[in-house]
Amino acid sequence: MTGADNRGVSRALTEAYIDQFPQEAMDVLEAAPVAEIVQLLRAESVERAARVLSRMSSGLAAEVLLHMKPELARRSLTAMDPGRAAILLSGLDEHSRNAQLEALDSALAQELRELMAYPEGSAGRLMEPRAASMPARLTVRQALGRLRRFSARDAALLVVSDDAGRLAGLLELADVVRADPGQRLAELISFSPARVTALTPREEIVELFARHRLRVLPVVDLEDRLLGVIRQAAVIQAAQEEAAADLQAMVGVGRDERALSPPLVAMRKRLPWLNINLVTAFLAAAVVGIFENTIAQFTALAVLLPVVAGQSGNTGAQALAVIMRGLALREIRLRHWQRVLFKETLAGLLNGVAIALVTGLGVLLWSQSWGLAWVIAAAMVLSMALASLSGAAIPLILKAVGRDPAQSAAIFLTTVTDIVGFASFLGFAVAFSSLLL
């Protein structure tokens, strides 16, 4: 077999793997160097390159696009779904984004600009603007004849609109096939489907998909004219990317930073929050400094400080994770703040009592001091209750002031739990110093 034959077989295997195992292929590409991904896409058809870019995470796809030759980038963007292309271009800096748009057909460039004008995380950013629909006046026979023009996913669930372009309903293909050929589509619609406007936030969209078990969600304007549709796959992908970005934001890392981002980019994204963390660390150190004389007198306190701070930190992190999940899935609203704070405080208090018993016993066996065991047990109860309260309150406060609840919440929580842990333990030690002698 010649070298050309070998290359042909290799390409055929690559294409078959990408087409038949798209998720596994994406897992491989996400870990590959950008240069290798560009080289792979250069050897593929434009349609396949567009599909691969569409399935990648937005950050990686934007980076790959910047390294592609201008003509290949232009043809790939043209072949992509406009909604996904708009998300991809939104990840570029303004100069690079304008350069990519200027290379496109003017009509497509205008469509992408309109899509990018929608707020981040809105229905307008998630929808497919070129949704295929059928007029409600068509008979079943006419509709089935038109299905040849539809893609497989558009044909599975038909979007039906009236003559003015207003949304009339959704129809399962199976229901259409079973209907009388002379029956009109309008007669088959039995209910008005859920719909959203282009400005509906992603949280409400996720809630609608979960509550109604939707596969497709129509997006309409104020006059109920169809603008596009949001598919379940787009919501899942957006939720996954949002969850990954939230994990980074909670610890002060930029949402768009990737594992292979340049070191200078990583430094620029992280340094401001590291400085904030340094300031808050000094606050915690200042609390310890207030009790310097007490620590010098009872050196065992210095040994046990990390125990109290660590437990309160873990307790706060548990509460933070639960509240963040509740806000993300819209299980709770700001109006639930009293109920949420009471529940988390009580949970922290009860866990604190249980942990205090174990901690007190351990310290008693180690130090043979009933006084020290009592002080650390009391501190554990108070610090864990306050830490749980803080873990619930911080994301709610950020939400109330219009900030992203995930934005560096862990940094603020760490500061609060350290201060609470140090102050409660050392405060009890000062108040009951006679028991430590």
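Residues numbered from 1 in each chain as written. Predicted model: local features only at pLDDT ≥ 70, side-chain atom pairs only at ≥ 80, totals over all residues. Heavy atoms only, no water.

Novice: Describe in detail the packing of aromatic side chains, supporting the description with residues and values.
Specialist: The final tally for this structure, using the stated rule, is three aromatic pairs. Each residue in the set Trp374, Phe428 and Phe432 is aromatic and connected to the rest through ring pairs, giving one cluster. (Phe/Tyr/Trp six-rings, centres within 6.5 Å; stacked < 30°, edge-to-face > 60°.)

Novice: Please set out the sheet that holds strand β1 (residues 133-135) residue by residue, giving values where relevant.
Specialist: In spatial order, the strands read β1-β2-β3; together these three strands make up an open sheet with mixed pairing. The sheet terminates laterally at β1 and β3 (167-172), the two strands that pair on one side only. Direction aside, neighbouring strands of the sheet carry axes that sit 35 degrees apart on average. Where strand β2 (residues 157-161) and β3 come together, five bridges link them in antiparallel fashion. If you follow Val160 over to β3, its bridge partner there is Gly169. (Pairing = 2+ DSSP bridges. Helix = DSSP H or I, 4+ residues; strand = E, 2+ residues; numbered from the N terminus. Axes fitted to C-alpha atoms, helices over the stretch in contact; angles between N-to-C directions.)

Novice: Break down the side chain of Thr315 for me, with residues and values.
Specialist: By secondary structure assignment, the location of Thr315 is in helix α19 (residues 300-328). Assessed through its relative accessible area of 7%, Thr315 is described here as buried. Within polar-contact distance, the side chain of Thr315 engages the backbone oxygen of Gln311 at 2.8 Å. Contacts of Thr315, omitting those with residues within four sequence positions, involve Gly348, Met384, Ala387 and Ser388. (Buried < 20%, exposed > 50% of the residue type's maximum accessible area, 1.4 Å probe, protein only. Polar contact = N/O pair within 3.5 Å; in protein donor to acceptor, adjacent residues only side chain to side chain. Contact = heavy atoms within 4.5 Å.)

Novice: Tell me what's going on with the side chain of Thr139, and back it up with residues and numbers.
Specialist: By the element assignment, Thr139 lies in the loop between β1 and α11 (140-146). What makes Thr139 buried here is its relative accessible area of 13%. Once residues within four sequence positions are removed from consideration, Thr139 is found in contact with Pro181, Gly182, Gln183 and Arg184.

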